[in-house]
Amino acid sequence: MATETPLLFQPLTIRGITLPNRVVLSPLCMYSARDGLANDWHFSHLSAFARGGTGLVFTEATAVRPEGRITHGCCGLWTDAQAEAYAPIATFISGTGMIPAVQLAHAGRKASVAEPWTGGKPLGPKSPSDAEPWQTVGPSALPVGEDWPTPHPLSTSEIGDLVDAFAASARRSLAAGFKVAEIHAAHGYLLHSFLSPLTNQRNDSYGGDRAGRMRFLLEVAEAVRAVWPDELPLFCRISAIDGPQEGWSIEDSVALATELGARGVDVVDCSSGGIAGPPAYRADYAGKPLDRAPRGPGFQVPFAERLRAEAGVKTMAVGVITDPHQAEEILQQGRADLIGIGRELMYNPFWAVHAAEALGADPDCALWETQYGWAMVRRSEIAASGGKR
Ligand SMILES: Cc1cc2nc3c(=O)[nH]c(=O)nc-3n(C[C@H](O)[C@H](O)[C@H](O)COP(=O)(O)O)c2cc1C
């Protein structure tokens, strides 16, 4: 009797693109670029996941403007040279049959910090790093917390320029060869900071009620969709909640995801938190540190499930999904369409082909790259024979 292919290894077609499976490398900042240009590190890093059978491979958060970088080492797409630097990476990933994807971002008031391995603090006199800080921007003049700089509140025309910058970077992403684009509207960065009532205290048309706070992101989604070809999928990553009690709520996210879907966003990538900054520098809200969703296996899956059921969009679940059976169960139960994986793929870039083996989906090592597959068959034969061959 033929066994059904596990859902994790069934292809998924979104618009004109067929993902070979449902394993996704979640965006991972490497803080290793110069002048926003991807380099050999990024090639080596991202190509490993494609060789490991990861169906959709995302770049790190890639800034649409220089001041939208988190650190001096973040990649960008505000110049054509940066698109040219990404092109060999996108070409290599496509050559393996996997799908190259770009995450477009602006770090807003959480920009201008040091790399996490040096403490991740805001650049400036109190930073151990001597790198030059730059002026950050946000919806309102509210710093992330103590020792953080006060962001410049964006004017209406500056917001318009940034909408154009997202669209221009999307155009460059296409030229670079990416097949999927994601708008980063999570983790307290610029677009999220406009959504959240904790950080957006404007009283113009980009603030106030939920519709006003959503306006910037929805304009970005429309502008990106307008330049991103109809046959290519568009994702948006959101923080589905700020914290369990306060700020942006899951009900807000259902409303947002519905509006994003109406503007041609195909997949909502469901993360959470980040508005209050890194744990060590968390600001007080209402006199106490903002809680965040308790971390544990699959802790953000309920957000993906709720949006999938109520907002009419596809969703990606992410966050401490480490085990192939766990991933398969999430898909089987209809809680998400895609499985995003970050740290577990850093730990093991071959996670996808190993997961296929664990789920019985690849008895002949056919999902491995040709150059490795035949040798993996030999390896299995040797193991099965007790090492006697
Ligand atoms: C080193 C590192 C860098 C990250 N960079 C990004 C990023 O550029 N954009 C983003 O949206 N999330 C980023 N994240 C969050 C991950 O994409 C992912 O959502 C998170 O790690 C939870 O998934 P995991 O438990 O599988 O690691 C980063 C996480 C790590 C560990």
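What you see as residue numbers is a count from 1 along each chain, following the sequence as written. Note on the predicted model: pLDDT of at least 70 is required for a residue's local features to be given, and 80 or more for side-chain atom pairs to be given and counted; whole-chain, interface and lining totals, by contrast, use all residues. As a rule here, side-chain values cover all heavy atoms of the structure and leave hydrogens and water aside.

Under the annotation held in an unreviewed UniProt entry, the protein carries the name 2,4-dienoyl-CoA reductase and is attributed to Thalassobaculum litoreum DSM 18839. UniProt positions are given in the numbering used here, feature names are shortened, and annotations may be inferred rather than shown by experiment. In its Cofactor (unreviewed entry) section, UniProt records this for the protein: "FMN".

(A) Here's a closer look at the pairing of strand E14 (residues 338-341). Three labels apply to residues, based on accessible area from a 1.4 Å probe with only protein chains included: buried if under 20% of the type maximum, exposed if over 50%, partly exposed otherwise in between. Helix numbering and strand numbering both begin at the N terminus, where a helix is a DSSP run of H or I of at least 4 residues and a strand a DSSP run of E of at least 2. Of the two faces of E14, both are covered, the one formed by Leu338 and Gly340 as well as the one formed by Ile339 and Ile341. DSSP bridges decide pairing: two strands pair if at least two such bridges lie between them. Bridge count between strand E3 (residues 23-25) and E14: 3 bridges; the pairing is parallel. Note on E14: the bridge partner recorded for Val23 is Ile339. In this sheet, E14 lies alongside strand E13 (residues 314-318) in parallel orientation, the contact comprising 3 bridges.

(B) Representation of the site of the ligand in the model. Neighbouring the ligand are 16 residues, the closest being Ser26, Pro27, Val320, Gly342 and Arg343. Between the ligand and Ser26, the relevant distance is 2.7 Å, taken from an oxygen atom to a side-chain nitrogen or oxygen of the residue. The accessible surface values rely on the Shrake-Rupley method and a 1.4 Å probe; as for residues, cover is taken only from the protein chains in view. When the ligand is considered free in solution it has 600 Å² of accessible area, and contact with the protein chains removes 83% of it. For this scheme, ten residues count as nonpolar: Ala, Val, Leu, Ile, Met, Phe, Trp, Tyr, Cys and Pro. Four count as charged, namely Asp, Glu, Lys and Arg, and the remainder, Gly too, count as polar. Its residues placed into classes, the shell around the ligand shows 7 nonpolar, 6 polar and 3 charged. In these notes, residues near a molecule or strand are those with any non-hydrogen atom within 4 Å of it. For the purposes of these results, a polar contact is taken to be a pair of N or O atoms within 3.5 Å, where, inside protein, one atom must be able to donate a hydrogen and its partner to accept one; residues adjacent in sequence count only when each atom of the pair is a side-chain atom.

(C) How the structure looks around the packing of helix H5 (residues 210-227) against helix H6 (residues 250-262). Where helices are involved, their axes are fitted lines through C-alpha atoms of the stretch in contact, as for all axes, and angles between N-to-C directions lie from 0 to 180°. Interhelical geometry of H5 versus H6 gives an angle of 35° and a closest axis separation of 11 Å. Relative to H6, H5 is oriented so that their crossing is right-handed. In this structure, H5 uses Arg210, Met214, Leu217, Leu218 and Ala221 to contact H6, whose residues at the interface are Glu251, Asp252, Ala255, Leu256, Glu259 and Leu260. Working rule for handedness: look at the near helix, and if it is turned counterclockwise from the far one by less than a right angle, call the crossing left-handed; if clockwise, right-handed. Residue contacts follow a heavy-atom distance rule, with two residues in contact if any of their heavy atoms lie within 4.5 Å.

(D) Spotlight on the environment of Leu77. Take Leu77: it is sitting in the loop between strand E4 (56-63) and helix H2 (80-95). Excluding residues that lie within four positions of it along the chain, Leu77 makes contacts with Thr62, Ala63, Gln82, Ala83, Tyr86, Val102, Leu104, Ser169, Arg172 and Ser173.

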